[in-house]
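What the coordinates show
Chain by chain, the residues:
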Amino acid sequence: MLENRGLAGKLPEELSYLSSLKVLELAQNKLTGQIPPELGSLNNLEVLSLADNFFDSTIPANVFGLASVESLNLSNNKFTGQIPSFRSINLNTKELDVSSNLLTGNFPTALNLFTNLGKELTERKQTLS
Amino acid sequence: MFLAFAILTFWYTNGKSFSRSGEESTLYESRLSSISSLESLRDESKPQNQALDWIVNRDPLHLSFSNPSVQIRYVMTLFVMSTFPPLETENYLLMYGDMDVCDWTGVSCGSDGLIHEISLGKYQLKSSNIL
């Protein structure tokens, strides 16, 4: 029982009802399944951290385009599919980390235009294949 | 005699279960059907049904179906029931069930009274501390 720590299971899509949500920080747990695409409607969400869990499936495209997002950390999960395209990413994003997943494709070179983002992404390219 | 009455009152208001009539339950169900599907609210194997049941019959705050807070409280209860192991869910709701969701651990609200933050990263489940 002592080892039974951390949140597990799937995120309910109903979280999208909390439209005032600015921060959703659930890193380092044992959450599984896909990110509910409904979360893409959280227009006030600034920080989404789901790093170090067991999420899988593709990352819903609208998650990268979240209207107010500044920090998006989805690293170290089991996400599959393509690395997001330049057009799908909100230009106000300051921090984007999708490393240590099962994503394929190349980082769009245009991402280097993101002043706060380019360096971090370039450094992490190597960890993606 | 007075003591017996007091004990009964205490039992009535603090008892785990506060069963409402089927008609009343339907009012909650209808209110929450704007958030979750009726199918999930009625399926006893789903956390949506369990969260509805908690709000209707077990929530120490006994919120009326028309209370504006009932929907947000339902969503947070559903979140807990979906992601916490069953024993932890019981413990968490025992600890925080008599509080507004803004005071639940891991939840922060703005001055508007709405939930601004859910932070349960690296969450250490507390069962060993409570029991």
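You'll find the structure just up there.
These lines cover the structure that appears in this document, whether it is placed above or below. Everything numeric in this text was worked out from a predicted model, so none of it was measured. (Residues numbered from 1 in each chain as written. Chains lettered and ligands numbered in written order. Predicted model: local features only at pLDDT ≥ 70, side-chain atom pairs only at ≥ 80, totals over all residues.)

Once that is clear, we can look at the overall build of chain A. Within chain A, the secondary structure is distributed over two helices and nine strands. Listed N to C, the secondary structure of chain A is β-β-β-β-β-α-β-β-β-β-α in terms of helices and strands. Looking at chain A residue by residue over its 129 residues, the buried ones come to 34%. Long-range contacts, defined here as pairs at least 24 residues apart, represent 45% of the contacts in chain A between residues at least 6 apart. (Helix = DSSP H or I, 4+ residues; strand = E, 2+ residues; numbered from the N terminus. Buried ≥ 20, exposed ≤ 12 C-beta atoms within 10 Å, placed from the backbone. Contact = placed C-beta atoms within 7 Å.)

This brings us to the overall build of chain B. From N to C terminus, chain B includes seven helices and two strands. Ordered by position in the sequence, the α and β elements of chain B form the string α-α-α-α-α-α-β-β-α. For chain B, buried positions account for 27% of its 131 residues. The contacts of chain B with a sequence gap of at least 6 include a subset with a gap of at least 24, amounting to 51%.

Moving on, we get to the sheet that holds strand 6 (residues 71–73) of chain A. Pairing is mixed across the open sheet formed by six strands, whose spatial order is 8(A)-6(A)-4(A)-2(A)-2(B)-1(B). In this open sheet, the two edge strands, each paired with only one partner strand, are strand 8 (95–97) of chain A together with strand 1 (107–109) of chain B. Shown here is a sheet whose adjacent strand axes are inclined to one another by a mean of 15 degrees, direction ignored. Of the pairings in the sheet, the one linking strand 2 (residues 23–25) of chain A to strand 2 (residues 115–119) of chain B comprises three bridges and is parallel in character. Looking across to strand 2 of chain B, one finds that leucine 24 of chain A is bridged to isoleucine 118 of chain B. (Pairing = 2+ DSSP bridges. Axes fitted to C-alpha atoms, helices over the stretch in contact; angles between N-to-C directions.)

So, on to the interface of chain B and chain A. In many analyses, interface size is given as the accessible surface area lost on bringing the parts together. On the side of chain A, 26 residues touch chain B, which itself brings 28 residues to the contact. Here the element with the most residues in the side of chain B that touches chain A is helix 5 (residues 70–83) of chain B; it accounts for seven residues. Of the residues in the side of chain B that touches chain A, the class split is 14 nonpolar, 11 polar and three charged. (Nonpolar A, V, L, I, M, F, W, Y, C, P; charged D, E, K, R; others polar.)

On to the packing of helix 4 (residues 47–58) of chain B against helix 5 of chain B. Residues and elements named next belong to chain B. Packing of helix 4 against helix 5 brings their axes to within 9 Å, and their N-to-C directions diverge by 130 degrees. Regarding the angle of helix 4 to helix 5, the classification is oblique. Taken as a pair, helix 4 and helix 5 cross one another with a handedness that is right-handed. Listed contacts from helix 5 to Pro47, Gln48, Gln50, Ala51, Trp54 and Ile55 of helix 4 are Val70, Arg73, Tyr74, Thr77, Leu78, Met81 and Ser82. Of the residues contributing to the contact of helix 4 with helix 5, the split by class is eight nonpolar, four polar and one charged. (Parallel < 35°, antiparallel > 145°, perpendicular 65-115°, else oblique. Left-handed = near helix turned anticlockwise from the far one by under 90°.)

Residue and element names in this part refer to chain A. Positioned with a positive phi, glutamine 28 is a non-glycine residue whose angle comes to about 60 degrees. By the element assignment, glutamine 28 lies in the loop between strand 2 and strand 3 (30–33). Glutamine 28 gets classed as partly exposed once you count the C-beta atoms within 10 Å, which come to 19. The backbone of serine 57 shows a phi angle near 65 degrees, a positive value even though the residue is not glycine. One can find serine 57 in the loop between strand 5 (54–55) and helix 1 (61–64). Judged by the 14 C-beta atoms lying within 10 Å of it, serine 57 is partly exposed.

Before going further, it helps to examine the pairing of strand 3 of chain A. All names here are of chain A. Inspection of the sheet shows strand 1 (residues 8–9) paired to strand 3 by two bridges, in the parallel sense. Its bridge partner being in strand 3, alanine 8 is matched across the sheet by lysine 30. Both strand 3 and strand 5 contribute to a ladder of two bridges, which runs parallel. Considered in strand 5, the bridge of glycine 33 is made with phenylalanine 55.

Formed by 53 residues in total, the largest nonpolar core has its most connected members in Val75 and Met76 of chain B. Apart from residues no more than four positions distant in its own chain, methionine 76 of chain B is found in contact with Val101, Trp104 and Val107 of chain B. (Core = buried A, V, L, I, M, F, W, Y, C linked by C-beta atoms within 7 Å.)

This part takes up the sheet that holds strand 5 of chain A. The strand order 1-3-5 (chain A) describes an open sheet built from three strands, whose pairing is parallel. Here the strands that pair on one side only, and so sit at the sheet edges, are strand 1 and strand 5 of chain A.

Looking now at the environment of leucine 50 of chain A. Residues and elements named next belong to chain A. Looking at where leucine 50 falls in the secondary structure, it is placed in the loop between strand 4 (47–49) and strand 5. Taking the number of C-beta atoms within 10 Å as the measure of exposure, leucine 50 has 26 and is therefore buried. Sequence separation between leucine 50 and asparagine 73 is 23 residues; the distance between their C-alpha atoms is 6.2 Å. Setting aside its immediate chain neighbours within four residues, leucine 50 contacts Leu26, Ala27, Ile35, Phe55, Leu74 and Asn77.

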